[in-house]
Amino acid sequence: MKIDGEVTTGLGKAAYFLSQEFYTKEFKKNLGFVPFPGTLNVIVSEDYLDEISEIKNNCENLIKPDEGFGAVKYIQAKLNDKIDGAIVFPAKTTHEENYLEFISENKLRDELKLNDGDIVSLEF
């Protein structure tokens, strides 16, 4: 599935969670990289909600961290046909269903010179 979405500013909470060792170890083991401590937040059309929900519900890739932290489902994905990473679905989130969080080993806003409102593509 390949969809376009709009870059938006997140809540800033991912940096803390993605810097926790149990998350970084699991992402390194399962995806081959330690994610930059933060996500690229992308809002996609609500037209994709059913497909996204189905992917999320059927996703078997799961990190269950220490007590006090929420589980995270993830699927491998590619940003703009060139950046390998993953879309994460935190169990504890305040985001709407059409709000996707992409992780990679680099700070994507700097690397790709992205700003809020820019359109990116996600393939997963």
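Residues numbered from 1 in each chain as written. Predicted model: local features only at pLDDT ≥ 70, side-chain atom pairs only at ≥ 80, totals over all residues. Heavy atoms only, no water.

An account of the nonpolar core is needed here, citing residue identities and associated values.
If you look at the biggest cluster of nonpolar residues, it comprises 20 residues, and the most contacted ones within it are Leu40, Leu79, Ile87, Leu100, Phe102, Leu122 and Phe124. Those elements giving two or more residues to this core turn out to be strand E1 (2-8), strand E2 (40-44), strand E4 (72-79), strand E5 (83-90), strand E6 (99-103) and strand E7 (119-123). Setting aside chain neighbours within four positions, we find Ile87 in contact with Lys73, Tyr74, Ile75, Ala77, Leu100, Glu101, Phe102, Leu122 and Phe124. Among the nonpolar cores identified, the runner-up in size contains 13 residues, and Ala14, Leu18, Phe27 and Ile63 belong to it. (Core = buried A, V, L, I, M, F, W, Y, C linked by side-chain atoms within 4.5 Å. Buried < 20%, exposed > 50% of the residue type's maximum accessible area, 1.4 Å probe, protein only. Helix = DSSP H or I, 4+ residues; strand = E, 2+ residues; numbered from the N terminus. Contact = heavy atoms within 4.5 Å.)

Lay out empty space enclosed by the protein with the relevant residues and their values.
Following the criterion strictly, the structure yields one cavity of 30 Å³ or more and no others. A volume near 110 Å³ is recorded for the largest cavity. As for the largest cavity, its lining consists of 12 residues, of which Lys56, Phe89, Thr93, Glu96 and Tyr99 are closest to the centre. Secondary-structure elements contributing two or more residues to the lining of the largest cavity are helix H3 (49-58), E5 and E6. Of the residues belonging to the lining of the largest cavity, the class tally is six nonpolar, two polar and four charged. (1 Å grid on protein atoms, 1.4 Å probe; cavity = no way out; pocket = protein on both sides within 12 Å on 5 of 7 lines; lining within 4 Å. Points joined across faces, edges and corners; volume = space filled by probe spheres on them. Nonpolar A, V, L, I, M, F, W, Y, C, P; charged D, E, K, R; others polar.)

Could you give an account of the pairing of E2, naming the residues involved and the relevant values?
Among the five residues that make up E2, four are buried, leaving the element largely enclosed by the rest of the structure. Judged from the four bridges that link them, E1 and E2 form a sheet pairing that is antiparallel. Note on E2: the bridge partner recorded for Glu6 is Ile43. Looking at chain direction, E2 and E6 are connected through four bridges and run antiparallel. Counted as the bridge partner of Val42 is Leu100 from E6. (Pairing = 2+ DSSP bridges.)

A description of the packing of aromatic side chains should follow, citing residues and the corresponding values.
According to the stated counting rule, one finds seven aromatic pairs in the structure shown. Consider the rings of Tyr16 and Phe17, whose centres lie 5.3 Å apart with planes at 75 degrees: the pair is edge-to-face. Tyr16 sits in the partly exposed class, given a relative accessible area of 47%. Look at Phe17 and you get partly exposed, because its relative accessible area is 33%. (Phe/Tyr/Trp six-rings, centres within 6.5 Å; stacked < 30°, edge-to-face > 60°.)

Now, about the pattern of salt bridges: what can you tell me, with residues and values included?
Opposite charge on two side chains permits them to pair, given that their charged atoms come into close proximity. What the rule picks out here adds up to six salt bridges. Glu26 serves as the salt-bridge partner of Lys29, at 3.6 Å between the closest nitrogen and oxygen. Taken together, the positions of Lys29 and Glu26, both in helix H2 (residues 21-31) and three residues apart, correspond to about one turn of that helix. Given a relative accessible area of 61%, Lys29 falls into the exposed group. Its relative accessible area of 24% is what places Glu26 among the partly exposed residues. Notably, a salt bridge pairs Lys56 with Glu97, separated by 3.7 Å at the nearest N-O pair. With a gap of 41 residues between them, Lys56 in helix H3 and Glu97 in the loop between E5 and E6 connect regions that are remote in the sequence. (Salt bridge = Lys/Arg side-chain N within 4 Å of Asp/Glu carboxyl O.)

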